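A closer look at the structure
The primary structure of each chain is shown beneath.
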Amino acid sequence: MTVNLEVADGVGTLRLDRPPMNALDVATQDRLKELAEEATRREDVRAVVIYGGERVFAAGADIKEMQNMDHTAMVLRSRGLQDAFTAVARIPKPVVAAVTGYALGGGCELALCADYRIAADNAKLGQPEILLGLIPGAGGTQRLPRLVGPSKAKDLIFTGRMVKADEALAIGLVDRVVPAAEVYEQAHAWAAALAKGPALALRAAKEAVDTGLEADIDTGLAVERNWFAGLFATEDRERGMRSFVEEGPGKAKFL
């Protein structure tokens, strides 16, 4: 399989496994969608790590495969391409990308689907599609400007240049840079800590933030208000408040 889902201690690792560069061909895209939807459904998965291995995250689409596709073929395929990445972005649980080596084109777009990105100090990220006479097609023109702002996104998309980890951190494309040998360990630790948290409240927080970014503030506030009130019906809210009153802050244990 080109993508695997490995689950341990509440953390599901979506592991790309298509050597040598984890090129995202059609079969890999479809498998990614399938496993993202499985991670969404599974109750034993409470947080997710996206990982490409120690050497490379994903170097982009399979160019040889794409070269043989004409306009009609891509019209038929482009929705499936976007749907695969959207399935990752819509996992209603905390998702962290553990970025090693290259994350280019579709690889960068996949990292953009995570809530948080931890990169190796030797990582390189970018959207080089313009160098092929194309634009990003798996969400890059939409998720990248929402993350780093329109001018920085246009610079990366217009030029197709790669950025090293330090620049990626400076512009907000990644959130933490660590030694290459520690990337997965730190990403898993981030996910594992959240896997112990209140699952419904985390889902609510993610949906409220993501919906609000795509809507006007009144709509966003309505989503927040509805989730905030709704969480008062949950056992986690009762457990969290009872622990706060009896033991002080930060000591609640959630199921």
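Here the structure is shown first, and the text comes after it.
Residues numbered from 1 in each chain as written. Predicted model: local features only at pLDDT ≥ 70, side-chain atom pairs only at ≥ 80, totals over all residues. Heavy atoms only, no water.

A closer look at the overall build of the chain
Looking only at helices and strands, the chain has eleven helices and nine strands in total. The C-alpha atoms of the chain give a radius of gyration of 19 Å, which matches the 18 Å a tight globule of 255 residues would have. Its C-alpha atoms put the chain at 65 × 40 × 35 Å along the principal axes. Buried positions account for 42% of the 255 residues belonging to the chain. Restricting the contact set of the chain to residue pairs at least 6 apart, pairs at least 24 apart contribute 70%. As displayed, the chain offers around 13,400 Å² of accessible surface, 55% of which is attributable to carbon and sulfur atoms. (Helix = DSSP H or I, 4+ residues; strand = E, 2+ residues; numbered from the N terminus. Rg over C-alpha atoms; globule rule 2.2 N^0.38 Å. Buried < 20%, exposed > 50% of the residue type's maximum accessible area, 1.4 Å probe, protein only. Contact = heavy atoms within 4.5 Å. Areas by Shrake-Rupley, 256 points an atom, 1.4 Å probe, with all protein chains shown as cover.)

Here we look at the side chain of threonine 86
In this fold, threonine 86 is placed in helix α3 (residues 71-89). Its relative accessible area of 18% is what places threonine 86 among the buried residues. Looking at threonine 86, its side chain comes within polar contact range of the side chain of arginine 143, at 3.4 Å. (Polar contact = N/O pair within 3.5 Å; in protein donor to acceptor, adjacent residues only side chain to side chain.)

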